[in-house]
Amino acid sequence: MLTVLLGAGFSQGINLPGTDAITSHIRSLPLYGVSGDDHHEVPIGNVLWKMANAYYDKPNFETLLHLVESMLSAGRSRFGYTLPDAHKVAFNAFMDIGGRWERLLEQTSLERFGIEMMANVADFLDEKISESSPEKQGVISAFLRPLREHTNVRIATLNYDDAIERSVDTFWDGFTDQNPAGVDYPGFLHEHPLEVLHLHGSIRFAPPESNAQVMPELRRFASNAEAKPQRLARKDLMFVSQAGEILFNGPMLSGLRKTEKLILEPYGLYHQRLVDGLLRCPRFLSIGYGGNDPYINAAVFLSRRVHGDNFRGVYVTKLNDESLSSGETSRALLLPATHSVTYQPEYAQFLERVRQSDFVIQEKRMFLIGTGFPLNDHQRDQMIDFLFGANI
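Remember, predicted model here, so these are calculated numbers, not experimental data.

Engineer: Explain the environment of leucine 5 here, please?
Structural biologist: In this fold, leucine 5 is placed in strand β1 (residues 2-6). Given a relative accessible area of 0%, leucine 5 falls into the buried group. In sequence terms leucine 5 and tyrosine 289 are 284 residues apart; their C-alpha atoms lie 7.3 Å from each other. Apart from residues no more than four positions distant in its own chain, leucine 5 is found in contact with Ala156, Leu158, Leu199, Phe284, Leu285, Ser286, Ile287, Tyr289 and Ile296.

Engineer: Could you clarify how one ought to interpret the packing of aromatic side chains in this entry?
Structural biologist: For any pair of aromatic rings, the description rests on two quantities: the centre-to-centre distance and the angle between the ring planes. Counted according to the given criterion, the structure contains ten aromatic pairs. Between phenylalanine 367 and phenylalanine 386 the ring centres are 5.6 Å apart and the planes differ by 50°, which places this aromatic pair in the tilted class. Taken as a pair, phenylalanine 367 in strand β13 (residues 366-369) and phenylalanine 386 in helix α15 (residues 377-388) lie far apart in primary sequence, 19 residues in all. Each member of the pair, phenylalanine 367 as well as phenylalanine 386, carries the same accessibility label: buried. Taken together, the aromatic side chains of Phe10, Phe143 and Phe373 make up a single cluster linked through ring pairs.

Engineer: Got a minute to help me understand the pairing of strand β5 (residues 194-198) in this structure?
Structural biologist: Along any regular strand, the residues point their side chains to alternate faces of the sheet. The buried fraction of β5 amounts to five of the five residues, a majority that puts the element mostly inside the structure. Two elements, strand β4 (residues 153-157) and β5, share five bridges in a ladder whose sense is parallel. Opposite arginine 154, over in β5, you have glutamate 195 as the bridge partner.

Engineer: Teacher, can you tell me more about the pattern of salt bridges here?
Structural biologist: Side chains that differ in charge, positive against negative, can pair when their charged atoms come close. For the structure shown, the criterion picks out 23 salt bridges. Between aspartate 293 and lysine 258 there is a salt bridge; the shortest N-O distance is 3.5 Å. In this pair, aspartate 293 sits in the loop between β10 (283-287) and α11 (294-307) while lysine 258 sits in the loop between β9 (246-248) and α10 (267-280), placing the two residues 35 residues apart along the sequence. Look at aspartate 293 and you get buried, because its relative accessible area is 10%. Of the charged contacts, one joins arginine 355 and glutamate 352 as a salt bridge, the two residues approaching to 3.0 Å between their closest N and O atoms. Of this pair, arginine 355 and glutamate 352 both sit in helix α14 (residues 346-356), three residues apart, roughly one helical turn.

Engineer: Help me out: how do you make sense of the sheet that holds β1 in this one?
Structural biologist: Paired through backbone hydrogen bonds, the strands of a sheet run either parallel or antiparallel to each other. One open sheet accounts for seven strands, arranged β5-β4-β1-β10-β11-β13-β12; its pairing is mixed. Taken across any chain shown, the strands that pair with only one partner, and hence form the sheet edges, are β5 and β12 (360-363). Within the sheet, the average angular offset between the axes of one strand and its neighbour, ignoring direction, is 10°. The pairing of strand β11 (residues 312-316) with β13 spans four bridges and is parallel. Directly across from valine 316, in β13, lies its bridge partner isoleucine 369. With respect to the sheet, α10 is in contact with β1, β4, β5 and β10, its orientation differing from that of β5 by roughly 130°.

Engineer: Sorry, what's going on with the packing of helix α4 (residues 61-76) against helix α6 (residues 109-131) here?
Structural biologist: Following both chains from N to C, one finds α4 and α6 inclined at 140°, their axes separated by 10 Å at the closest point. Overall, the two elements α4 and α6 adopt an arrangement that is oblique. The two elements α4 and α6 meet at a crossing, and its hand is left-handed. Contacts between α4 and α6 involve Phe61, Leu65, Val68, Met71 and Leu72 on the former and, on the latter, Leu110, Glu111, Phe113, Gly114, Met117 and Met118.

Conventions we followed
- Residues numbered from 1 in each chain as written.
- Predicted model: local features only at pLDDT ≥ 70, side-chain atom pairs only at ≥ 80, totals over all residues.
- Heavy atoms only, no water.
- Helix = DSSP H or I, 4+ residues; strand = E, 2+ residues; numbered from the N terminus.
- Buried < 20%, exposed > 50% of the residue type's maximum accessible area, 1.4 Å probe, protein only.
- Contact = heavy atoms within 4.5 Å.
- Phe/Tyr/Trp six-rings, centres within 6.5 Å; stacked < 30°, edge-to-face > 60°.
- Pairing = 2+ DSSP bridges.
- Salt bridge = Lys/Arg side-chain N within 4 Å of Asp/Glu carboxyl O.
- Axes fitted to C-alpha atoms, helices over the stretch in contact; angles between N-to-C directions.
- Parallel < 35°, antiparallel > 145°, perpendicular 65-115°, else oblique.
- Left-handed = near helix turned anticlockwise from the far one by under 90°.

What follows is the structure in C-alpha coordinates.
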(Lines give C-alpha, C1' and ligand atoms only; values in the text may rest on other atoms or scores of the structure.)
Protein backbone atom coordinates (compact mmCIF):
# COMPACT_ATOMS: atom_id res chain seq x y z
CA MET A 1 0.00 0.00 0.00
CA LEU A 2 1.39 3.40 -1.03
CA THR A 3 -0.04 6.53 0.57
CA VAL A 4 -0.23 9.49 -1.84
CA LEU A 5 -1.01 12.98 -0.50
CA LEU A 6 -2.22 15.58 -3.01
CA GLY A 7 -2.23 19.31 -2.29
CA ALA A 8 -3.09 22.45 -4.22
CA GLY A 9 0.10 22.20 -6.29
CA PHE A 10 -1.25 19.03 -7.88
CA SER A 11 -4.44 20.74 -9.09
CA GLN A 12 -2.49 23.77 -10.29
CA GLY A 13 -0.19 21.43 -12.22
CA ILE A 14 -3.17 20.30 -14.31
CA ASN A 15 -4.42 23.89 -14.71
CA LEU A 16 -7.21 23.85 -12.15
CA PRO A 17 -7.66 26.78 -9.74
CA GLY A 18 -5.36 26.93 -6.72
CA THR A 19 -5.63 28.80 -3.44
CA ASP A 20 -4.95 32.25 -4.93
CA ALA A 21 -7.62 31.90 -7.64
CA ILE A 22 -10.24 30.69 -5.16
CA THR A 23 -9.38 33.55 -2.80
CA SER A 24 -9.78 36.15 -5.56
CA HIS A 25 -13.17 34.69 -6.47
CA ILE A 26 -14.45 34.74 -2.89
CA ARG A 27 -13.25 38.31 -2.36
CA SER A 28 -15.23 39.54 -5.34
CA LEU A 29 -18.59 37.91 -4.59
CA PRO A 30 -21.23 40.68 -4.70
CA LEU A 31 -23.96 38.58 -3.05
CA TYR A 32 -23.07 39.47 0.52
CA GLY A 33 -23.05 43.23 0.67
CA VAL A 34 -22.70 45.12 3.93
CA SER A 35 -24.07 48.63 4.39
CA GLY A 36 -21.61 51.41 5.09
CA ASP A 37 -22.21 54.87 6.54
CA ASP A 38 -23.46 56.12 3.15
CA HIS A 39 -25.89 53.16 2.90
CA HIS A 40 -24.05 51.81 -0.14
CA GLU A 41 -23.33 48.10 -0.04
CA VAL A 42 -19.76 46.78 -0.42
CA PRO A 43 -18.75 43.10 -0.87
CA ILE A 44 -18.23 41.56 2.54
CA GLY A 45 -15.34 39.56 1.08
CA ASN A 46 -13.41 42.80 0.56
CA VAL A 47 -14.22 43.98 4.09
CA LEU A 48 -12.93 40.71 5.53
CA TRP A 49 -9.89 40.86 3.25
CA LYS A 50 -8.90 44.27 4.62
CA MET A 51 -9.29 42.98 8.16
CA ALA A 52 -7.22 39.88 7.38
CA ASN A 53 -4.40 41.85 5.71
CA ALA A 54 -4.18 44.19 8.68
CA TYR A 55 -3.31 41.23 10.89
CA TYR A 56 -2.11 38.21 8.86
CA ASP A 57 0.94 38.21 6.60
CA LYS A 58 -0.52 35.95 3.90
CA PRO A 59 -4.30 35.49 4.28
CA ASN A 60 -6.40 33.41 1.90
CA PHE A 61 -10.01 32.23 1.60
CA GLU A 62 -9.57 29.89 4.57
CA THR A 63 -8.45 32.84 6.68
CA LEU A 64 -11.63 34.69 5.72
CA LEU A 65 -13.83 31.82 6.90
CA HIS A 66 -11.85 31.64 10.13
CA LEU A 67 -12.49 35.35 10.70
CA VAL A 68 -16.22 34.87 10.17
CA GLU A 69 -16.33 31.94 12.61
CA SER A 70 -14.33 33.87 15.20
CA MET A 71 -16.35 37.08 14.89
CA LEU A 72 -19.71 35.32 15.07
CA SER A 73 -18.50 33.29 18.05
CA ALA A 74 -17.35 36.41 19.86
CA GLY A 75 -20.50 38.34 19.00
CA ARG A 76 -22.71 35.48 20.11
CA SER A 77 -21.28 35.40 23.62
CA ARG A 78 -20.46 39.08 24.05
CA PHE A 79 -22.92 39.41 26.88
CA GLY A 80 -22.99 35.71 27.57
CA TYR A 81 -22.25 35.54 31.26
CA THR A 82 -25.57 33.76 31.69
CA LEU A 83 -24.89 31.27 28.88
CA PRO A 84 -23.89 27.66 29.64
CA ASP A 85 -20.12 27.20 29.77
CA ALA A 86 -20.18 25.16 26.55
CA HIS A 87 -21.42 28.27 24.69
CA LYS A 88 -18.92 30.74 26.11
CA VAL A 89 -15.89 31.84 24.09
CA ALA A 90 -12.70 32.17 26.11
CA PHE A 91 -11.29 35.29 24.48
CA ASN A 92 -14.38 37.26 25.48
CA ALA A 93 -13.09 37.06 29.04
CA PHE A 94 -10.30 39.41 27.95
CA MET A 95 -11.78 41.62 25.25
CA ASP A 96 -14.88 43.23 23.77
CA ILE A 97 -15.18 43.29 19.97
CA GLY A 98 -17.88 45.94 19.98
CA GLY A 99 -17.40 49.45 18.69
CA ARG A 100 -15.78 49.29 15.29
CA TRP A 101 -17.23 45.90 14.23
CA GLU A 102 -20.60 46.14 15.94
CA ARG A 103 -22.44 47.15 12.78
CA LEU A 104 -20.94 44.25 10.85
CA LEU A 105 -21.98 41.81 13.57
CA GLU A 106 -25.53 43.10 13.50
CA GLN A 107 -25.94 42.25 9.80
CA THR A 108 -26.99 38.80 8.68
CA SER A 109 -24.65 38.95 5.67
CA LEU A 110 -21.71 37.82 7.80
CA GLU A 111 -23.46 34.59 8.79
CA ARG A 112 -24.71 33.99 5.24
CA PHE A 113 -21.18 34.46 3.92
CA GLY A 114 -19.89 31.80 6.30
CA ILE A 115 -22.69 29.34 5.60
CA GLU A 116 -22.51 29.66 1.82
CA MET A 117 -18.81 30.34 1.18
CA MET A 118 -17.77 26.79 0.35
CA ALA A 119 -20.81 26.26 -1.87
CA ASN A 120 -19.61 29.29 -3.84
CA VAL A 121 -16.13 27.75 -4.04
CA ALA A 122 -17.68 24.55 -5.39
CA ASP A 123 -19.65 26.50 -8.03
CA PHE A 124 -16.44 28.28 -9.06
CA LEU A 125 -14.63 24.94 -9.46
CA ASP A 126 -17.58 23.55 -11.44
CA GLU A 127 -17.16 26.39 -13.92
CA LYS A 128 -13.39 26.01 -14.22
CA ILE A 129 -13.59 22.24 -14.66
CA SER A 130 -16.13 22.66 -17.48
CA GLU A 131 -13.69 25.06 -19.18
CA SER A 132 -10.58 22.90 -18.70
CA SER A 133 -9.07 20.50 -21.22
CA PRO A 134 -9.82 16.78 -20.84
CA GLU A 135 -6.13 16.12 -21.55
CA LYS A 136 -5.44 16.45 -17.83
CA GLN A 137 -7.22 13.15 -17.27
CA GLY A 138 -4.62 11.37 -19.39
CA VAL A 139 -1.84 13.03 -17.41
CA ILE A 140 -3.30 11.76 -14.15
CA SER A 141 -3.99 8.20 -15.32
CA ALA A 142 -0.50 7.93 -16.86
CA PHE A 143 1.01 9.10 -13.59
CA LEU A 144 -0.95 6.60 -11.49
CA ARG A 145 -0.46 3.60 -13.79
CA PRO A 146 3.14 2.63 -12.80
CA LEU A 147 2.35 3.16 -9.12
CA ARG A 148 -0.63 0.80 -9.32
CA GLU A 149 1.49 -1.81 -11.10
CA HIS A 150 3.65 -2.07 -7.97
CA THR A 151 1.11 -1.85 -5.15
CA ASN A 152 -2.32 -0.73 -3.99
CA VAL A 153 -2.59 3.06 -3.89
CA ARG A 154 -4.36 5.14 -1.24
CA ILE A 155 -4.81 8.74 -2.45
CA ALA A 156 -5.50 11.26 0.28
CA THR A 157 -6.32 14.52 -1.48
CA LEU A 158 -6.80 17.96 0.05
CA ASN A 159 -8.31 19.26 -3.20
CA TYR A 160 -12.03 19.75 -3.72
CA ASP A 161 -12.10 18.95 -7.45
CA ASP A 162 -12.93 15.54 -8.91
CA ALA A 163 -9.99 15.30 -11.33
CA ILE A 164 -8.92 11.91 -9.94
CA GLU A 165 -12.39 10.41 -10.24
CA ARG A 166 -12.64 11.57 -13.85
CA SER A 167 -9.29 9.93 -14.68
CA VAL A 168 -9.70 6.36 -13.39
CA ASP A 169 -12.30 3.68 -14.05
CA THR A 170 -12.56 1.90 -10.72
CA PHE A 171 -11.92 3.26 -7.24
CA TRP A 172 -13.27 3.20 -3.68
CA ASP A 173 -13.96 6.53 -2.00
CA GLY A 174 -15.55 5.53 1.29
CA PHE A 175 -19.11 5.57 -0.09
CA THR A 176 -21.50 2.89 -1.27
CA ASP A 177 -22.47 2.30 -4.91
CA GLN A 178 -25.84 4.09 -4.80
CA ASN A 179 -26.48 7.56 -6.14
CA PRO A 180 -26.58 9.47 -3.94
CA ALA A 181 -24.37 7.22 -1.84
CA GLY A 182 -24.07 6.98 1.92
CA VAL A 183 -20.87 6.29 3.83
CA ASP A 184 -19.64 2.71 3.30
CA TYR A 185 -18.83 1.93 6.92
CA PRO A 186 -18.09 -1.80 6.38
CA GLY A 187 -15.76 -0.84 3.52
CA PHE A 188 -13.41 0.88 5.94
CA LEU A 189 -12.57 -2.57 7.35
CA HIS A 190 -10.88 -3.60 4.09
CA GLU A 191 -8.07 -2.47 1.80
CA HIS A 192 -8.94 -1.59 -1.79
CA PRO A 193 -6.72 -1.50 -4.91
CA LEU A 194 -7.26 2.23 -5.46
CA GLU A 195 -8.71 4.50 -2.78
CA VAL A 196 -9.60 8.17 -3.17
CA LEU A 197 -10.07 9.98 0.14
CA HIS A 198 -11.12 13.64 -0.01
CA LEU A 199 -9.77 14.72 3.39
CA HIS A 200 -11.24 18.23 3.01
CA GLY A 201 -14.35 17.36 1.01
CA SER A 202 -15.37 17.33 -2.62
CA ILE A 203 -17.58 19.10 -5.13
CA ARG A 204 -19.42 15.76 -5.41
CA PHE A 205 -20.40 15.81 -1.72
CA ALA A 206 -23.61 17.25 -0.27
CA PRO A 207 -25.49 16.93 3.02
CA PRO A 208 -28.58 14.72 3.24
CA GLU A 209 -31.97 16.40 3.08
CA SER A 210 -32.37 15.91 6.82
CA ASN A 211 -29.44 16.35 9.18
CA ALA A 212 -31.24 15.11 12.29
CA GLN A 213 -28.81 12.23 12.92
CA VAL A 214 -26.85 12.11 16.16
CA MET A 215 -23.72 11.34 14.12
CA PRO A 216 -24.01 13.50 10.97
CA GLU A 217 -22.69 12.28 7.63
CA LEU A 218 -22.48 13.41 4.01
CA ARG A 219 -23.74 11.96 0.74
CA ARG A 220 -21.71 11.52 -2.44
CA PHE A 221 -23.25 12.09 -5.87
CA ALA A 222 -22.08 10.57 -9.15
CA SER A 223 -21.10 14.00 -10.51
CA ASN A 224 -20.58 17.55 -9.37
CA ALA A 225 -23.56 18.61 -11.51
CA GLU A 226 -25.86 16.30 -9.55
CA ALA A 227 -24.47 17.49 -6.21
CA LYS A 228 -24.86 21.19 -6.99
CA PRO A 229 -28.60 21.57 -6.18
CA GLN A 230 -27.95 19.96 -2.78
CA ARG A 231 -25.21 22.43 -1.80
CA LEU A 232 -27.71 25.11 -0.84
CA ALA A 233 -27.04 27.01 2.37
CA ARG A 234 -27.68 24.84 5.41
CA LYS A 235 -27.76 26.59 8.75
CA ASP A 236 -28.09 23.24 10.51
CA LEU A 237 -24.50 22.45 9.44
CA MET A 238 -23.24 25.11 11.84
CA PHE A 239 -22.23 23.65 15.17
CA VAL A 240 -20.58 24.75 18.40
CA SER A 241 -17.17 23.36 19.32
CA GLN A 242 -16.16 22.27 22.82
CA ALA A 243 -14.60 25.73 23.20
CA GLY A 244 -17.98 27.36 22.49
CA GLU A 245 -16.98 28.61 19.05
CA ILE A 246 -19.25 28.56 16.00
CA LEU A 247 -17.93 26.39 13.16
CA PHE A 248 -19.26 25.98 9.62
CA ASN A 249 -19.21 22.40 8.39
CA GLY A 250 -20.38 20.81 5.18
CA PRO A 251 -19.42 19.19 1.88
CA MET A 252 -16.03 20.93 1.85
CA LEU A 253 -13.89 21.74 4.87
CA SER A 254 -12.18 25.09 5.17
CA GLY A 255 -10.97 27.51 7.82
CA LEU A 256 -8.30 26.98 10.45
CA ARG A 257 -10.13 24.51 12.69
CA LYS A 258 -10.39 21.49 10.41
CA THR A 259 -9.58 18.91 13.07
CA GLU A 260 -12.66 19.99 15.05
CA LYS A 261 -14.81 19.48 11.95
CA LEU A 262 -13.90 15.81 11.57
CA ILE A 263 -17.07 14.79 13.42
CA LEU A 264 -18.92 15.01 10.09
CA GLU A 265 -18.35 11.67 8.39
CA PRO A 266 -16.58 10.49 6.36
CA TYR A 267 -13.96 13.09 7.40
CA GLY A 268 -13.04 11.36 10.67
CA LEU A 269 -12.79 7.99 8.93
CA TYR A 270 -10.73 9.51 6.12
CA HIS A 271 -8.19 10.86 8.61
CA GLN A 272 -8.02 7.51 10.38
CA ARG A 273 -7.47 5.91 6.97
CA LEU A 274 -4.59 8.28 6.20
CA VAL A 275 -2.86 7.47 9.50
CA ASP A 276 -3.49 3.74 9.03
CA GLY A 277 -1.87 3.76 5.59
CA LEU A 278 1.17 5.67 6.83
CA LEU A 279 1.65 3.29 9.74
CA ARG A 280 1.18 0.12 7.69
CA CYS A 281 3.60 0.92 4.87
CA PRO A 282 6.82 2.99 4.96
CA ARG A 283 6.24 4.50 1.51
CA PHE A 284 4.90 8.03 1.07
CA LEU A 285 4.42 10.31 -1.93
CA SER A 286 3.44 13.97 -1.50
CA ILE A 287 2.56 16.20 -4.46
CA GLY A 288 1.90 19.92 -4.17
CA TYR A 289 1.32 19.93 -0.40
CA GLY A 290 2.01 23.29 1.24
CA GLY A 291 2.65 21.92 4.74
CA ASN A 292 -0.06 24.04 6.38
CA ASP A 293 -2.09 21.33 8.11
CA PRO A 294 -0.44 20.37 11.43
CA TYR A 295 -2.54 17.22 11.88
CA ILE A 296 -1.32 15.87 8.53
CA ASN A 297 2.28 16.78 9.30
CA ALA A 298 1.95 14.98 12.63
CA ALA A 299 0.71 11.82 10.88
CA VAL A 300 3.74 11.81 8.54
CA PHE A 301 6.17 12.44 11.40
CA LEU A 302 4.56 9.58 13.34
CA SER A 303 5.02 7.24 10.39
CA ARG A 304 8.69 8.16 10.13
CA ARG A 305 9.20 7.45 13.82
CA VAL A 306 7.45 4.08 13.57
CA HIS A 307 9.26 2.89 10.42
CA GLY A 308 12.66 4.45 11.14
CA ASP A 309 15.23 3.83 8.40
CA ASN A 310 12.71 1.87 6.32
CA PHE A 311 10.68 5.02 5.57
CA ARG A 312 11.02 6.48 2.07
CA GLY A 313 9.37 9.76 1.17
CA VAL A 314 9.01 11.50 -2.21
CA TYR A 315 8.05 15.19 -2.12
CA VAL A 316 7.01 17.02 -5.30
CA THR A 317 6.65 20.79 -5.07
CA LYS A 318 7.40 23.91 -7.12
CA LEU A 319 10.59 25.77 -6.19
CA ASN A 320 12.73 28.52 -7.65
CA ASP A 321 15.63 30.71 -6.50
CA GLU A 322 13.33 33.56 -5.51
CA SER A 323 11.05 31.40 -3.35
CA LEU A 324 14.02 29.78 -1.60
CA SER A 325 15.62 33.14 -0.89
CA SER A 326 12.43 34.76 0.40
CA GLY A 327 11.46 31.93 2.72
CA GLU A 328 8.07 31.49 0.97
CA THR A 329 8.57 27.73 0.74
CA SER A 330 9.54 27.06 4.35
CA ARG A 331 6.23 25.37 5.14
CA ALA A 332 6.20 23.35 1.91
CA LEU A 333 9.72 22.12 2.68
CA LEU A 334 8.95 21.21 6.28
CA LEU A 335 8.45 17.48 5.65
CA PRO A 336 11.36 16.89 3.23
CA ALA A 337 13.79 19.12 5.14
CA THR A 338 13.32 17.29 8.43
CA HIS A 339 14.74 14.13 6.88
CA SER A 340 18.08 15.95 6.81
CA VAL A 341 17.77 18.85 9.23
CA THR A 342 17.89 18.36 12.98
CA TYR A 343 18.71 21.89 14.10
CA GLN A 344 17.61 25.24 12.64
CA PRO A 345 21.13 26.38 11.56
CA GLU A 346 21.27 23.36 9.25
CA TYR A 347 18.26 24.55 7.26
CA ALA A 348 20.20 27.16 5.24
CA GLN A 349 22.70 24.48 4.21
CA PHE A 350 19.84 22.22 3.14
CA LEU A 351 18.38 25.00 0.95
CA GLU A 352 21.78 25.54 -0.64
CA ARG A 353 22.06 21.83 -1.48
CA VAL A 354 18.59 21.98 -3.05
CA ARG A 355 19.61 25.02 -5.10
CA GLN A 356 22.89 23.44 -6.24
CA SER A 357 21.06 20.28 -7.34
CA ASP A 358 18.69 22.25 -9.61
CA PHE A 359 15.84 21.55 -7.17
CA VAL A 360 15.99 17.74 -7.51
CA ILE A 361 17.80 15.98 -4.67
CA GLN A 362 17.97 12.63 -2.88
CA GLU A 363 19.37 12.28 0.61
CA LYS A 364 18.62 10.31 3.77
CA ARG A 365 15.75 8.33 2.25
CA MET A 366 14.14 11.53 0.97
CA PHE A 367 13.63 12.40 -2.70
CA LEU A 368 12.69 16.03 -3.35
CA ILE A 369 11.51 17.00 -6.82
CA GLY A 370 11.23 20.77 -6.79
CA THR A 371 10.21 21.32 -10.41
CA GLY A 372 6.51 20.77 -9.76
CA PHE A 373 3.87 18.46 -11.21
CA PRO A 374 3.57 16.89 -13.80
CA LEU A 375 6.88 15.01 -13.75
CA ASN A 376 8.93 14.28 -16.83
CA ASP A 377 9.62 10.65 -17.80
CA HIS A 378 13.06 10.60 -16.17
CA GLN A 379 11.75 11.99 -12.89
CA ARG A 380 8.88 9.50 -12.91
CA ASP A 381 11.30 6.58 -13.38
CA GLN A 382 13.54 7.90 -10.62
CA MET A 383 10.55 8.16 -8.30
CA ILE A 384 9.43 4.59 -9.02
CA ASP A 385 12.93 3.23 -8.43
CA PHE A 386 13.25 5.25 -5.20
CA LEU A 387 9.94 4.02 -3.81
CA PHE A 388 10.07 0.39 -4.91
CA GLY A 389 13.69 -0.36 -5.79
CA ALA A 390 15.70 -2.80 -3.68
CA ASN A 391 18.63 -0.46 -3.10
CA ILE A 392 18.64 3.14 -1.95
